[in-house]
Amino acid sequence: MVAVLGVAGFCGSGCGKPEQPPPPGASIRRIDVAGLPPLRQYEPPLDSGRVEIAGPAGWRVAPRYGDYVVRFQGSDKELYPMILITAEDYAEEALTTETVARFAQQVAPAGAKPVAIGSRVGAIYLKHGKDPKSIDQVLDRLFWSGVLAGRRYTLELRTRQGQSPQFENLLFAVAAGLKQAGGAVEVAADPGEKAAETVQKTADAGEKTAETTKKAAQESTEKKAAESAGEPAAATPEKKPAAATPEKKPAAATPEKKPAAATPKKKPAGSEDPELKGLEELFR
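Residues numbered from 1 in each chain as written. Predicted model: local features only at pLDDT ≥ 70, side-chain atom pairs only at ≥ 80, totals over all residues. Heavy atoms only, no water.

Caption draft 1: Summary view of the overall build of the protein. Counting its secondary structure elements, the protein contains four helices and ten strands. In the protein, the succession of α and β elements from N to C terminus is β-β-β-β-β-α-β-β-β-β-α-β-α-α. Excluding contacts between residues fewer than 6 apart, the proportion of contacts in the protein whose partners are at least 24 apart in sequence is 51%. Summed over its atoms, the accessible surface of the protein is roughly 19,800 Å², and 55% of this surface lies on carbon and sulfur atoms. (Helix = DSSP H or I, 4+ residues; strand = E, 2+ residues; numbered from the N terminus. Contact = heavy atoms within 4.5 Å. Areas by Shrake-Rupley, 256 points an atom, 1.4 Å probe, with all protein chains shown as cover.)

Caption draft 2: Inspection of the packing of aromatic side chains at higher detail. Enumeration over the complete set of coordinates arrives at two aromatic pairs. An angle of 85 degrees between the planes, with centres 5.8 Å apart, marks the rings of Y90 and F103 as edge-to-face. Of the two residues, Y90 sits in the loop between β5 (82-89) and α1 (100-107) while F103 sits in helix α1, which places them 13 residues apart along the sequence. Taking relative accessible area as the criterion, Y90 reaches 12% and is therefore assigned buried. Residues Y125 and F143 carry aromatic rings whose centres are separated by 4.9 Å and whose planes lie at 10 degrees to one another, so their mutual orientation is stacked. (Phe/Tyr/Trp six-rings, centres within 6.5 Å; stacked < 30°, edge-to-face > 60°. Buried < 20%, exposed > 50% of the residue type's maximum accessible area, 1.4 Å probe, protein only.)

Caption draft 3: Here's a closer look at the pairing of strand β7 (residues 120-130). Of all eleven residues that make up β7, eight are buried, and the element is covered over most of its length. Strand direction decides the pairing type here: strand β6 (residues 113-117) and β7, joined by five bridges, are antiparallel. The residue bridging V115 from the neighbouring strand is G122, located in β7. Where β6 folds back on β7, the antiparallel hairpin that results is connected by two residues, among which G118 adopts a positive phi of roughly 65 degrees. (Pairing = 2+ DSSP bridges.)

Caption draft 4: Fine view of the environment of E168. By secondary structure assignment, the location of E168 is in helix α2 (residues 164-177). E168 sits twelve residues away from E156 along the chain, and the two C-alpha atoms are 9.9 Å apart.

Caption draft 5: A look at the sheet that holds strand β4 (residues 70-73). One open sheet holds the eight strands; their spatial order is β1-β6-β7-β8-β9-β5-β4-β3, and the pairing between them is mixed. Looking at the sheet topology across the chains shown, the edges are occupied by β1 (29-31) and β3 (60-61). Sheet topology note: the β5/strand β9 (residues 151-160) ladder contains eight bridges and is antiparallel. Bridge pairing links M82 to R158 in β9. Helix-sheet contacts for α1 involve β6, β7, β8 (138-148) and β9, and the interaxial angle to β7 is about 20 degrees. Set on the sheet, α2 makes contact with β1, β5, β6, β7, β8 and β9; between it and β9 the angle comes to about 160 degrees. (Axes fitted to C-alpha atoms, helices over the stretch in contact; angles between N-to-C directions.)

Caption draft 6: Region of the structure containing the nonpolar core. Formed by 29 residues in total, the largest nonpolar core has its most connected members in I53, I83, I85, I117, W144, L155 and L178. Put simply, the parts of the chain that give this core at least two residues each are β4, β5, β6, β7, β8, β9 and α2. Per-element accounting of this core gives the leading share, seven residues, to α2. Once you skip the residues sitting within four places of it in the chain, I83 turns out to touch P56, W59, V70, R71, F72, E156, L157, L170, L171 and V174. Judged by nonpolar contacts, the second largest core, of 14 residues, contains I28, L95, A108 and V121. (Core = buried A, V, L, I, M, F, W, Y, C linked by side-chain atoms within 4.5 Å.)

So, in structure tokens, the structure goes:
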């Protein structure tokens, strides 16, 4: 961890003295965005549609709980490292390199430092906390806080104790990637504004219906006027008759069954061959 973050647990010769706000334009840590790790794809607009956020590439979106806007985890098997994002309204002046020092004192008087990630300014500070899933494990909690579209966003990187330096660039990459949803100057979240938007959409739909009705009435009037003047009204295109269903061919006639061959009738007595009759008479 660089020196500006090594503030937790350190007490120099000035301990016990009230801290004085740093003068405008105080020293700012600057981070080149070109050297930051890549991000995964952006999530659908979050924080009531105000902001778009992308987590570190290779990380997953963890199940949401509590008041977090979104939570990213580096592994399916391990809970840490983790990045959590929260948001709240911020009605004060926009952050600049001249005002960020005062902002840092507001968010964490005990040691926040101004930082500029590319053109995005904010404040970073480090805390330690106990792992709620263990008895004696301590966590590093590295925070970045900045302002976007009237909201203060705080990104927290949680790691095992002493591991925050190897993951801090992931936190900075997510902070640099924050962007306002839709590119609008402000995104309304007030219920009254949403209701007004719904009323406006309803009014627009009513105007469209009225316009359609007016057009139909005008066409009907023009048609009647043309008929009164003896002009043939525009012929309504005749509806084409439905295609005739081809007649069903009669089933092929079943060939008639040929009668069975007639059994030769037995010749009546006296009709025998005369030669045979003569032989019979010889043997009598």
